[in-house]
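# Structural description and commentary
Here are the chains, one letter per residue:
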Amino acid sequence: MNRLFHYTSLSGILGVLRSRSLWATHAYYLNDASEFFHGLDFAKQVAGGILMEDDYLEAFGWAIRHGLESVTADDLYVASFSEKADLLSQWRGYCPPGAGLCLGFEFDCLEEFCQSRGYRLEQCIYEHDQQIQQVESLVTQCFERFPKPAFARSDYEKLNSKGQVNANIDYRLCTSEGPDKPQADAAVDWLCAEISKLAPLFKNEGFHEESEWRIVAKEPRELVQFRASSSYLAPYIELEMLSGVAVSALREVIVGPNPNQHRCESSIKMLLDSFGLGNVEVKVSPLP
């Protein structure tokens, strides 16, 4: 894959070029915030239910369920892209009627930008089974960091009921109040942080056509700014991916369905020239 595409408006491209940046919006203030909350709740539910029936690891299961109750998306910002250019559903969903643009960015430039700042460029996950596998993988990694029970599983299973109950109590006290608490807390904190970064990538299977990728910026370096939405102020950050060595990241602009398509095409070329981006290819969508 060579490019990812960002659908925007005519005013959107003006903002992109003037700031040499793409905006990443706080996860709570995305156009469809319920999407993020669904992903977060789903991830919590899967992670919390994995060990419900395993008495041997009861203390670990309790610790992660308790920890996940406090997971939030504080300081988490998201910018969206699609693998697909000139997609009708994207024009309809993310652009004003008759005034949409599709900006094509070089994938390698986006990836390099994210790596330089510790951000993630990840493909959204649509399949339910794959979402479950991702969460289960994180829980497994968390357990590798978590203090282990004093008894091996085979020895634990040889204990009578009272012995197993006492072993469970000792394990739980040791990890929640005793000497193993710092290690246990660190493992659960790691899981919670990873879950909060994974949740924005979970999308309903019905949206698979979008083939969406997202930049996920946790605790970003950039200054948090605010823009007016229809009924609230949306926090965002500017990802300066069109300045310095990354100026070549923008490779093409597609003019969407538009009653003045060719005049729009001409004006976009003039705009790009004025910013020293005359080498960016401008195309016109054939969609009516």
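Scope of this entry: the structure provided in the associated data block. (Residues numbered from 1 in each chain as written. Predicted model: local features only at pLDDT ≥ 70, side-chain atom pairs only at ≥ 80, totals over all residues. Heavy atoms only, no water.)

### What to know about the overall build of the protein chain
Rule in force here: The helix count covers DSSP runs of H or I at least four residues long, the strand count covers runs of E at least two residues long, and both are numbered beginning at the N terminus. Values of the radius of gyration come from C-alpha atoms, whereas the globule rule sets the reference at 2.2 Å times the count of residues to the power 0.38. Buried, partly exposed and exposed residues are distinguished by accessible area as a fraction of the type maximum, computed with a 1.4 Å probe on protein chains only: under 20%, between the cut-offs, and over 50%, respectively. Contacts are assigned to residue pairs that have any heavy atoms within 4.5 Å of one another.
Along the backbone of the protein chain there are ten helices and ten strands. Computed over the C-alpha atoms, the radius of gyration of the protein chain is 24 Å, more than 25% above the 19 Å expected from 2.2 N^0.38 for a compact globule of 288 residues. With the C-alpha coordinates aligned to their principal axes, the bounding extent of the protein chain is approximately 80 × 40 × 35 Å. Sorting the 288 residues of the protein chain into buried and exposed places 47% on the buried side. Of the contacts formed within the protein chain by residues at least 6 apart in sequence, a portion of 81% connects residues at least 24 apart.

### A look at the nonpolar core
Rules: Definition of nonpolar core: a set of buried residues of the types Ala, Val, Leu, Ile, Met, Phe, Trp, Tyr and Cys, connected through side-chain atoms within 4.5 Å.
Judged by nonpolar contacts, the single largest core of 39 residues is most densely connected at Phe60, Val135, Phe146, Leu191 and Ile195. Counting only elements with at least two residues in this core, the list comes to helix H2 (33-49), helix H3 (58-68), strand E3 (76-82), helix H6 (128-145), helix H8 (161-176) and helix H9 (181-198). With near-sequence residues (within four places) excluded, Ile195 lies in contact with Leu40, Ala43, Leu68, Val135 and Leu138. Core analysis: the second largest hydrophobic core is formed by 37 residues, Cys109, Leu110, Ala217 and Ala249 among them.

### Section: the pattern of salt bridges
Formally: When a carboxyl oxygen of Asp or Glu is within 4 Å of a side-chain nitrogen of Lys or Arg, the pair counts as a salt bridge.
Using the criterion set out here, one finds 13 salt bridges in the structure. Put simply, Glu212 and Arg214 hold a salt bridge, and the shortest N to O gap is 2.6 Å. The buried category is assigned to Glu212, whose relative accessible area is 5%. By relative accessible area, Arg214 is classed as buried at 5%. It is possible to trace a salt-bridge network through shared partners that takes in Arg3, Glu106, Arg251, Glu252 and Lys283.

### Let's talk about unusual backbone geometry
Positioned with a positive phi, Arg20 is a non-glycine residue whose angle comes to about 55 degrees. Structurally, Arg20 is set in the loop between helix H1 (10-19) and strand E2 (22-26). Residue classification places Arg20 among the partly exposed residues on the basis of a relative accessible area of 24%. Phi angles above zero are rare outside glycine, and Asp86 is one such case at about 55 degrees. For Asp86, the position within the fold is in the loop between E3 and helix H4 (88-94).

### Some details on H1
Within the span of H1, buried status applies to Gly12, Ile13, Val16, Leu17 and Ser19. Those residues of H1 that are buried are in contact with strand E1 (3-9), E2, strand E4 (100-106), strand E8 (233-239), strand E9 (250-255) and helix H10 (261-274).

### A few points about the layout of surface pockets
To find leftover empty space, a probe the size of one water molecule is rolled over the atoms. Worth spelling out the cut-off: Cavities and pockets are defined on a 1 Å grid built over the protein atoms alone: a cavity is a set of grid points where a 1.4 Å probe fits but cannot escape, while a pocket is an open set with protein on both sides within 12 Å along at least five of seven lines, and lining residues are those with an atom within 4 Å of any such point. Grid points are joined across faces, edges and corners, and a volume is the space filled by probe spheres set on the points. Residue classes follow a fixed rule: Ala, Val, Leu, Ile, Met, Phe, Trp, Tyr, Cys and Pro count as nonpolar, while Asp, Glu, Lys and Arg count as charged, and any other residue, Gly among them, counts as polar.
In this structure, the largest pocket spans a volume of roughly 990 Å³. Counting only elements with at least two residues in the lining of the largest pocket, the list comes to E1, H1, E2, E3, H4 and strand E6 (212-218). Tallied by class, residues from the lining of the largest pocket come to 15 nonpolar, 15 polar and seven charged. Space inside the second largest pocket adds up to approximately 230 Å³. Along its surface, the second largest pocket is lined by 15 residues, and Glu122, Ile125, Gln134, Leu198 and Leu201 are the ones closest to its centre. Listing elements by their share of the lining of the second largest pocket, those giving two or more residues are strand E5 (120-123), H6 and H9.

### Here we look at the pairing of E6
The following threshold applies: We treat two strands as partners when DSSP finds at least two bridges between them.
The buried fraction of E6 amounts to six of the seven residues, a majority that puts the element mostly inside the structure. Relative to E6, E3 is paired through seven bridges, and the arrangement is antiparallel. Across the sheet, Ser82 pairs through a bridge with Glu212, a residue of E6. The sheet contact formed by E5 and E6 spans four bridges and is antiparallel. By the bridge assignment, Glu122 is partnered in E6 with Arg214.

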